[in-house]
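Here is how the chains run, residue by residue.
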Amino acid sequence: MKSRDPLIRAKRFQIDDARRRLGQIDTMIAEFERMAQDLERDISAEEERSGISDPRHFAYPPLALAARNRRDNLHRSAQDLKVQQEAARATLAEAETDLALVEAAGEMDRAGRVEAPGRRPPLRPGETARH
């Protein structure tokens, strides 16, 4: 039988790639959340400085309005990334399951090859067993 080593290496590569992708997504989510918190502080400081906290007020500071829009965009982007994060987790779990199956099949093949030399080939029609 063919060796399963190339298939196992490919599955391990898929797992490493999925972990790397998941790590990148986690990092981006954390960065977006940190940036949104920074913007929240900037918004609060600008509102306090101007004395106006209602964004619909005609004299609401443009800097605070722009920071609010940017913060909202960051929150939306983080939510989109969380969807991708769940998909990446599912991909990782699937790749790990596939690897476990391939490794188990490889173990079964190796165990079968170890037992094979002691077994006799099946009898052909009309042939009698010799002991």
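Please refer to the structure placed before this passage.
Trainee: Mind laying out the overall build of the protein chain, listing which residues take part and the relevant values?
Mentor: In terms of regular secondary structure, the protein chain is built from 2 helices and 0 strands. Out of the 131 residues in the protein chain, the part that is buried amounts to 22%. The long-range share in the protein chain, meaning contacts at least 24 apart out of those at least 6 apart in sequence, stands at 73%. Roughly 9900 Å² of accessible area belongs to the protein chain as shown, and the carbon and sulfur atoms make up 55% of that amount.

Trainee: Any chance you could break down the nonpolar core for me, citing the residues and the numbers?
Mentor: Counting 12 residues, the largest nonpolar core consists of Ile 8, Ile 15, Ala 18, Leu 22, Ile 25, Ile 29, Leu 81, Ala 88, Leu 92, Ala 95, Leu 99 and Val 102. Residue assignment for this core shows that the elements contributing at least two residues are α1 (5–50) and α2 (62–115). When sequence neighbours within four positions are dropped, the list of residues in contact with Leu 99 reads Ile 8, Lys 11, Arg 12 and Ile 15. Judged by nonpolar contacts, the second largest core, of 8 residues, contains Ala 36, Leu 39, Tyr 60 and Ala 64.

Trainee: Summarise α1; cite the residues concerned and give the values.
Mentor: Taking 1.5 Å of rise per residue, the 46 residues of α1 would be expected to cover 68 Å, and the 67 Å separating its terminal C-alpha atoms lies within 8% of that figure. Inspection of α1 places Ile 8, Lys 11, Ile 15, Ala 18, Leu 22, Ile 25, Ile 29, Ala 36, Leu 39, Ile 43, Glu 46 and Glu 47 among the buried residues, and these make up the whole buried set. Directly after α1, the chain includes Gly 51, whose backbone phi takes a positive value near 80°.

Rules used throughout
- Residues numbered from 1 in each chain as written.
- Predicted model: local features only at pLDDT ≥ 70, side-chain atom pairs only at ≥ 80, totals over all residues.
- Heavy atoms only, no water.
- Helix = DSSP H or I, 4+ residues; strand = E, 2+ residues; numbered from the N terminus.
- Buried < 20%, exposed > 50% of the residue type's maximum accessible area, 1.4 Å probe, protein only.
- Contact = heavy atoms within 4.5 Å.
- Areas by Shrake-Rupley, 256 points an atom, 1.4 Å probe, with all protein chains shown as cover.
- Core = buried A, V, L, I, M, F, W, Y, C linked by side-chain atoms within 4.5 Å.
- Expected span 1.5 Å × (residues − 1).

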